[in-house]
Amino acid sequence: MRRDNIDEIRKLFIGLDNKIVINGKKQIIPINFDNAATTPVLKKVMRAVLKASENYGSIARGDGQKSQYSSDLYEECRRYVIDYFNAPLNKYTAIFVSNTTEGINKLSNILIENKDDIVITSRMEHHSNDLPWRDKCDLKYIEVDEKGRIIMEELEEMFNIYKERIKYVTITGASNVSGYITDIRKVAKLAHKYGAKVIIDGAQLVPHREVNMCGEEDDDYIDFLIFSAHKVYAPFGSGAIIGLRDEIEKYPPDTKGGGTVERVLDDHLIWLSTPEKNEAGSPNFFGAVALMQALKEMNKIGLGLIENNEKKLLKMLIDGMKNFPRVIMYGDNENIEDRLGIMVFNIDRLGYEMVGEYLASIRGIAVRQGGFCAHPYTRRLLGIKSDEIEEYIARNGMPGMVRVSLGAYNSEKEVNIFLETIEYICKKCL
């Protein structure tokens, strides 16, 4: 079942039309343009969790009927997540984590054998795909151009220089700041040519585009993908690593404890196989159930429909913002085919914090403002050089912008209300 009406899609979510109070009196339906941070919850996700709770028991730790039901459903969730990304079960596994940040930290702890391992990343990364690798390996960065896109030629240069010494390329599938989509097929082809493996931070990409782990050719497959459920319309703090089973199996787990071992003796132990050995403690059963159901609902809505609506709304936003002289937009706002529904801007003579507060207080519009946990990238988009940052902060405070980020349910009406509010702020607020 595919839905082509945004009003019908909105009915799938909880709370979108719940009114809020503005300035102590006016009740209005709020607008959520902060989907890159966290998305609202699908109704069927909560129904699935409620149904699962009726027979909730321990996972893989008992023979009672409820324990068996929960164990079977948990593994069904794992299989569904693997299949959703077209990952062959004989090659890939899914490790449930709490979010993308934990997943990338887990991989960096497991995969890096010594500090001489070369890992390539970019200056477009979220902190979660930058900080976990620092101090663990020989981390090298490829730069972005003046519009904020990754300079792919630098990645080619890295491989020409270091060749097989490069172990991993860990790169974002799509930026949480500019919305640029990385050509992950090109990255994978280049990495595999030299025997390196590819890790994709899918936190922003997965909610908006199809991701095929197998790729389209023999050498453009993805080795590891990490994503979060709270960005695909599911609560309860879950996410997953989809990765090469044999590669993960080679290494001991980064977190040890109950559920990770087959046998423990006084002086040695035997680990369970992957993925069990990589999920220490009692699993987040409801998080896994929520994640599976959310992906099922996204599949019903259709990622193609989500993409088309998003592109239409992004163009409306950008075209509308160009009409306001005080608005400063960042990145490439002419060639937008490689962008998700994310737009970043500032308003001249008005701090980004105040813009966010005005949008919320005037019309109940939720956006994100600041550095978006991607400070090196944000600084580059703002055109602040590294040797100028301290002086800039002393004079202006932390550099930042305002971000609008779209979800599957956002509408033209909401975009028009946003633009009207921005026009009001530009005229009335100094």
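Summary of the structure given here. (Residues numbered from 1 in each chain as written. Predicted model: local features only at pLDDT ≥ 70, side-chain atom pairs only at ≥ 80, totals over all residues. Heavy atoms only, no water.)

Comments concerning the sheet that holds strand β6 (residues 138-142)
- Strand order in the open sheet formed by 7 strands is β4-β10-β9-β8-β7-β5-β6, and the pairing between neighbours is mixed. If you trace the sheet from one side to the other, it starts and ends with β4 (92-97) and β6, each paired once. Averaged over all pairs of adjacent strands, the angle between strand axes in this sheet comes to 20 degrees, irrespective of strand direction.
- Against the sheet, helix α3 (residues 65-84) touches β4, β9 (224-228) and β10 (239-244), its axis set at about 120 degrees to β4. (Pairing = 2+ DSSP bridges. Helix = DSSP H or I, 4+ residues; strand = E, 2+ residues; numbered from the N terminus. Axes fitted to C-alpha atoms, helices over the stretch in contact; angles between N-to-C directions. Contact = heavy atoms within 4.5 Å.)

Notes on helix α4 (residues 100-111)
- Taking 1.5 Å as the rise per residue, α4 with 12 residues should run 16 Å; its terminal C-alpha atoms sit 16 Å apart, in good agreement.
- Every buried residue of α4 is listed here: Thr100, Gly103, Ile104, Lys106, Leu107, Ser108, Ile110 and Leu111.
- Residues of α4 that are buried make contact with β4, β7 (166-172), β8 (197-201), β9, β10 and α7 (245-249).
- Capping of α4 at its N-terminal end is provided by asparagine 99; its side-chain oxygen lies 3.2 Å from the backbone amide nitrogen of threonine 101. (Expected span 1.5 Å × (residues − 1). Buried < 20%, exposed > 50% of the residue type's maximum accessible area, 1.4 Å probe, protein only. Polar contact = N/O pair within 3.5 Å; in protein donor to acceptor, adjacent residues only side chain to side chain.)

Observations concerning the nonpolar core
- Membership of the largest hydrophobic core comes to 89 residues, with the highest contact counts inside it found for Phe85 and Ile242.
- Considering every element that reaches this core, the biggest residue donor is helix α8 (residues 285-301), with 11 residues.
- Ranked by size, the runner-up nonpolar core spans 31 residues in total, among them Met321, Ile336, Val367 and Val415. (Core = buried A, V, L, I, M, F, W, Y, C linked by side-chain atoms within 4.5 Å.)

Looking at the packing of helix α10 (residues 352-363) against helix α13 (residues 412-428)
- The N-to-C vectors of α10 and α13 enclose an angle of 115 degrees; their axes lie 10 Å apart at closest approach. Our pair here, α10 against α13, has a crossing hand that is right-handed. Between α10, through Tyr358, Leu359, Ile362 and Arg363, and α13, the contact on the second element is made entirely by Ile417, Phe418, Thr421, Ile422, Tyr424 and Ile425.
- Residues of the contact of α10 with α13, tallied by class, amount to 8 nonpolar, 1 polar and 1 charged. (Left-handed = near helix turned anticlockwise from the far one by under 90°. Nonpolar A, V, L, I, M, F, W, Y, C, P; charged D, E, K, R; others polar.)

Overview of the packing of aromatic side chains
- The final tally for this structure, using the stated rule, is 12 aromatic pairs.
- A ring pair is formed by phenylalanine 13 and tyrosine 409, whose centres lie 5.2 Å apart and whose planes are at 55 degrees; its orientation type is tilted. A residue pair is termed long-range when its members are at least 10 positions apart, and phenylalanine 13 in the loop between α1 (6-10) and β1 (20-22) and tyrosine 409 in the loop between β17 (401-405) and α13 qualify at 396 residues. Each member of the pair, phenylalanine 13 as well as tyrosine 409, is classed as buried.
- Ring centres of tyrosine 84 and phenylalanine 85 lie 5.0 Å apart, and the angle between their planes is 75 degrees; on these two criteria the pair is classed as edge-to-face. (Phe/Tyr/Trp six-rings, centres within 6.5 Å; stacked < 30°, edge-to-face > 60°.)

What to know about a nonpolar patch on the surface
- On the surface, a cluster of nonpolar side chains totalling about 240 Å² of accessible area is made up of Ile14, Met46 and Phe236.
- Summarising the element assignment, isoleucine 14 is placed in the loop between α1 and β1. (Patch = residues over 30% accessible without salt bridge, like charges linked within 9 Å, V, L, I, M, F, W, Y side chains within 5 Å. Areas by Shrake-Rupley, 256 points an atom, 1.4 Å probe, with all protein chains shown as cover. Salt bridge = Lys/Arg side-chain N within 4 Å of Asp/Glu carboxyl O.)

Details of the sheet that holds strand β13 (residues 327-329)
- In spatial order, the strands read β13-β14-β17-β16; together these 4 strands make up an open sheet with antiparallel pairing. Two strands bound the open sheet, and with one partner strand each, they are β13 and β16 (368-370). Between one strand axis and the next, the sheet turns by 30 degrees as a mean value, whatever way the strands run.
- With 3 bridges connecting them, β13 and strand β14 (residues 342-347) associate as antiparallel partners. Its bridge partner being in β14, valine 327 is matched across the sheet by isoleucine 347.
- Those strands touched by helix α9 (residues 303-321) are β13, β14 and β17, and its axis lies near 20 degrees from that of β14.
- Set on the sheet, α13 makes contact with β13, β14 and β17; between it and β14 the angle comes to about 15 degrees.

Shape descriptors only; they carry no functional weight alone.
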